[in-house]
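# What the coordinates show
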Amino acid sequence: MSRAWIGLALFVLVAGSAVLAMWLSPHDPLAPNYRNLYAGVSGEHPLGTDGLGRDVLSRSLAGGRVSLTIALAATALTMALGGVLGLLAAGIGGLTDTVLSRFFDALLAFPGFLLILLVVAILGGGSLQTVLAMGVAGSPIYFRLTRAFARAELKSEYVTAARALGATRVRQLWRHAVPNFLGSLAVQGASTAATFLLVEASLSYLGLGVPLPTPSWGNVLQDARSYLTRQPWAAVGPGLFLAAASLSFQFLSDGLRDLLDRRD
Amino acid sequence: MPRYLLTQGVSFVVTLWAVLTLVFFAVRALPGDAATIMGGLDATEEQVQTLRERIGLARSVPAQYAAYFGGLLQADLGDSLRERRPVTNVLIERLPVTLTLAGMAFLLSLVLGLGLGVLAGLRPGGPADRATLLFTTVALAIPEFWFGFLLILLFAVNLGWFPVLGLPPSGLTLASSWNLILPAVTLAIPRAAQLARLARARVLEERRSDYVRTARSKGLLPAAVGRHIASNALPGVLPLLALELGGLLTGTIVVEQVFGLPGLGLTILGGISARDYPVVQGVTILAVTVYVLVNWLADMLQLVADPRLRAPT
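Just so it is clear, the model here is predicted, and its values are computed rather than measured.

### Regarding the overall build of chain B
- Counting its secondary structure elements, chain B contains 14 helices and zero strands.
- Taken from N to C terminus, the helices and strands of chain B fall in the order α-α-α-α-α-α-α-α-α-α-α-α-α-α.
- Taken across its 313 residues, chain B has 46% of its residues classed as buried.
- Intrachain contacts of chain B at a sequence separation of at least 6 include 72% that bridge at least 24 residues.
- Carbon and sulfur atoms form 66% of the exposed surface of chain B, whose accessible area is close to 15,700 Å².

### Focus on the overall build of chain A
- Helix and strand counts for chain A stand at ten helices and zero strands.
- The N-to-C order of helical and strand elements in chain A reads α-α-α-α-α-α-α-α-α-α.
- Its C-alpha atoms give chain A principal-axis dimensions of roughly 75 × 40 × 25 Å.
- In chain A, buried positions account for 53% of the 264 residues.
- Expressed as a percentage of contacts within chain A between residues at least 6 apart in sequence, the contacts between residues at least 24 apart total 71%.
- Summed over its atoms, the accessible surface of chain A is roughly 11,700 Å², and 66% of this surface lies on carbon and sulfur atoms.

### Notes on the interface of chain B and chain A
- In this assembly, 39 residues from chain B lie in contact with 35 residues from chain A.
- Roughly 3,100 Å² is buried in total at the junction of chain B and chain A, and carbon and sulfur atoms are behind 82% of that figure.
- Three residues, Phe145(B), Trp146(B) and Phe149(B), lead the burial of chain B against chain A; their summed loss comes to 18% of the area buried on that side.
- Counting across the interface, chain B meets chain A through zero salt bridges.
- Element by element, the count of residues in the side of chain B that touches chain A is highest for helix α7 (residues 144–158) of chain B, at seven residues.
- Here the residues of the side of chain B that touches chain A are counted per class, giving 32 nonpolar, six polar and one charged.

### Some thoughts on the packing of helix α5 (residues 112–123) of chain A against helix α6 (residues 127–155) of chain A
Residue and element names in this part refer to chain A.
- Orientation of α5 relative to α6, taken along the N-to-C sense of each, is 140°, at an axis distance of 9 Å. Put simply, α5 runs oblique to α6. Considering only the axes of α5 and α6, their crossing is right-handed. In this structure, α5 contributes Gly112, Leu115, Ile116, Val119, Val120 and Leu123 to the contact, and α6 contributes Gln129, Leu132, Ala133, Met134 and Ala137.
- In the contact of α5 with α6, the residues fall into nine nonpolar, two polar and no charged.

### Some words on the packing of aromatic side chains
- Inspection of every chain in the model, using the stated rule, returns 16 aromatic pairs over all chains.
- Considering the side-chain rings of Phe103(A) and Phe104(A), the 5.4 Å spacing of their centres and the 75° angle between planes classify their relative orientation as edge-to-face.
- Accessibility expressed as a relative area gives 40% for Phe103(A), which makes it partly exposed.
- Here Phe155(B) and Trp161(B) contribute two aromatic rings whose centre-to-centre distance is 5.6 Å and whose plane-to-plane angle is 40°, an arrangement assigned as tilted.
- The structure contains a cluster of three or more aromatic residues connected by ring pairs, namely Phe24(B), Phe25(B), Tyr65(B), Tyr68(B) and Phe69(B).

### Things to note about the side chain of Thr130(A)
Residue and element names in this part refer to chain A.
- Within the secondary structure layout, Thr130 lies in helix α6.
- Side-chain polar atoms of Thr130 contact the backbone oxygen of Gly126, separated by 2.6 Å.
- Residues within four places of Thr130 in sequence aside, it is in contact with Ile70, Glu200, Leu203, Leu208, Gly209 and Val210.

### Section: the nonpolar core
- Among the nonpolar cores identified, the biggest contains 119 residues, and Leu117(A), Leu206(A) and Phe149(B) are the most heavily contacted of them.
- Counting residues per element, this core draws most heavily on helix α14 (residues 277–305) of chain B, which supplies ten residues.
- Residues contacting Leu206(A), with those up to four places away along its chain left out, are Phe113(A), Leu117(A), Gln222(A), Ile253(B), Val254(B), Gln257(B) and Leu269(B).

### A look at helix α11 (residues 238–251) of chain B
All names here are of chain B.
- With 14 residues, α11 should reach 20 Å at 1.5 Å per residue; the first-to-last C-alpha distance of 18 Å fits that figure.
- Burial runs high along α11: eleven of the 14 residues are buried.
- Every buried residue belonging to α11 is among Leu238, Leu240, Leu241, Ala242, Glu244, Gly246, Gly247, Leu248, Leu249, Thr250 and Gly251, and all of these are buried.

### With respect to the environment of Thr78(A)
Residue and element names in this part refer to chain A.
- If you trace the backbone, Thr78 turns up in helix α3 (residues 56–92).
- Linking Thr78 and Pro26, residues 52 residues apart in sequence, is a C-alpha distance of 36 Å.
- Look past the residues within four positions of Thr78 in its chain and what remains in contact with it is Gly83, Met134, Gly135, Gly138, Ser139, Tyr142, Thr192 and Phe196.

### Examining the pattern of salt bridges
- On inspection of all chains with the given rule, the structure shows eleven salt bridges over all chains.
- With its nearest N and O atoms 3.3 Å apart, the salt bridge here joins Asp254(A) to Arg257(A). Placement of the pair is Asp254(A) and Arg257(A) together in helix α10 (residues 233–263), with a separation of three residues, close to one helical turn.
- Taking relative accessible area as the criterion, Asp254(A) reaches 3% and is therefore assigned buried.
- Residue Arg257(A) is classed as partly exposed on the basis of its relative accessible area of 39%.
- In this structure, Asp129(B) and Arg200(B) form a salt bridge, with 2.6 Å as the shortest nitrogen-oxygen distance. In this pair, Asp129(B) is assigned in helix α6 (residues 127–141) and Arg200(B) in helix α8 (residues 181–207), connecting sequence segments 71 residues apart.
- Through salt bridges with shared partners, a single ionic network connects Asp97(A), Arg147(A) and Arg151(A).

### Quick look at the confidence of the model for chain B
- Per-residue pLDDT for chain B has a mean of 81; in total, 90% of the residues score no lower than 70.
- For this predicted complex, the interface confidence score (ipTM) comes to 0.80, while the overall pTM stands at 0.84.

### Some words on the environment of Val66(A)
Residues and elements named next belong to chain A.
- Topologically, Val66 is positioned in helix α3.
- Since its relative accessible area comes to 19%, Val66 is described here as buried.
- For the pair Val66 and Pro215, spaced 149 residues apart in the sequence, the C-alpha separation amounts to 7.3 Å.
- Discounting residues that sit within four places of it in the chain, Val66 has contacts with Val210, Thr214, Pro215 and Ser216.

### So, helix α1 (residues 2–19) of chain A
- For α1(A), spanning 18 residues, the distance from its first C-alpha to its last is 25 Å, which sits close to the expected 26 Å at 1.5 Å a residue.
- Here α1(A) has its buried residues at Ala4(A), Gly7(A), Val14(A), Ala15(A), Ser17(A) and Ala18(A).

Conventions used here
- Residues numbered from 1 in each chain as written.
- Chains lettered and ligands numbered in written order.
- Predicted model: local features only at pLDDT ≥ 70, side-chain atom pairs only at ≥ 80, totals over all residues.
- Heavy atoms only, no water.
- Helix = DSSP H or I, 4+ residues; strand = E, 2+ residues; numbered from the N terminus.
- Buried < 20%, exposed > 50% of the residue type's maximum accessible area, 1.4 Å probe, protein only.
- Contact = heavy atoms within 4.5 Å.
- Areas by Shrake-Rupley, 256 points an atom, 1.4 Å probe, with all protein chains shown as cover.
- Buried area = accessible area lost by both parts, 1.4 Å probe.
- Salt bridge = Lys/Arg side-chain N within 4 Å of Asp/Glu carboxyl O.
- Nonpolar A, V, L, I, M, F, W, Y, C, P; charged D, E, K, R; others polar.
- Axes fitted to C-alpha atoms, helices over the stretch in contact; angles between N-to-C directions.
- Parallel < 35°, antiparallel > 145°, perpendicular 65-115°, else oblique.
- Left-handed = near helix turned anticlockwise from the far one by under 90°.
- Phe/Tyr/Trp six-rings, centres within 6.5 Å; stacked < 30°, edge-to-face > 60°.
- Polar contact = N/O pair within 3.5 Å; in protein donor to acceptor, adjacent residues only side chain to side chain.
- Core = buried A, V, L, I, M, F, W, Y, C linked by side-chain atoms within 4.5 Å.
- Expected span 1.5 Å × (residues − 1).
- pLDDT = per-residue confidence, 0-100.

Next up, the structure:
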């Protein structure tokens, strides 16, 4: 239980600071100040300023907004994509099942990050493209999980009873099977969100994710890399935000799993 | 040949074919075809068309598909658009850096991950277990490249033990492989954490089995029991090891960028930004082939190590 609470507290803190970024930020995250480049840590700029004199703390707060939105959107997309197709495969079976299963097997045969990189290379860099790329790359796990869960539930006695009462396939799946494994999917989902935060940061760091000047944790860190030795705080600060956010999702996932285990 | 080897062999070939087919279509879905980019900005439509014919893009898709697999069988990956030489040569040149880095990172994560995992699993709740939990939690939450920054700040900038960037002009030699230590540690830490988690879970599982109770009750020393547990638990770690080893060939992309190491990672990144599609395709083909191959070898190893898995399911 304790980890779930730490996770929740961290999440509220990180998400809250991202939502309230506009009011919390001491400066405009996009406004340059050419008379104050690479400034060190001070009361005015708690994490210093970057190569254009922009306030790093304000950029980290604004970046969190972008990074969290992208990670959560991609998680929702990947769960929906894998989940719906998994339900289709389990519900229809036959050729549909075989074709879908083989397709996702082939996707799984790619190293994850390479697959995301290829999708981004095809679609071009950008926020929406990053969401799509991670959504596609993450989907095989959800396809497999949903398909396996749904197949097991469809074989169970209570679903057979529902069928005997005349429930359609859609109703059997949606009303009877899905509520039984939604919790397990949520555990996996929180863990995926933690991973996607790190992946988005890596992509933006490589210049293939969120395009500048919109700040995201990844591209704020990309900036920071170029003057790492001159202004280390600009790299340390946003990284801590990112790690805290990722940790909070991981804890939420662990805590959720503990809760579900106790119920069973 | 035993039946299980045959089915495994067939599934390997089918997976590889499916993956390479996906790559074929993915590369053809890239915006702007290779001929347009080769021709440059002031090429006329006729010049582009001539180029298309020369590099085989004017042919029908099935003919291109046949030529693609024909080329693969001869290790012919086409010519790099930017460097105007065979992609195979580019890859051979860049491979040693990535292989050395991946090898160092793999060994490090193996020792650290299995060591911590087994120690933690043998004494659940003890100090080693709690330290391992802390380590894995933190290591899996921090972004890899950012951890690289911290290592650079501490060991390269403050202590000066390592250079801040890259390899000397002489390239990769025995002496300059010292420069690969920080990047290898950066890569190894999160992978060691994953490995430690799984190894710990496998050891905990084995501890509960009957033979362990028997061994304890007949008075076997704890160290001997520990050896039995480890040797039964560790084959279960093989699939993750394979994912890790196979994934390292492209897993180094971000770290190569952070440390400025001219390996496969920088090659594919350069290929993407210059739209040098044959290079992107070449690195991808090499990486997925190795990935599929290593995972398949691990499956086979597991079958060899554990006869129970050979029964048809």
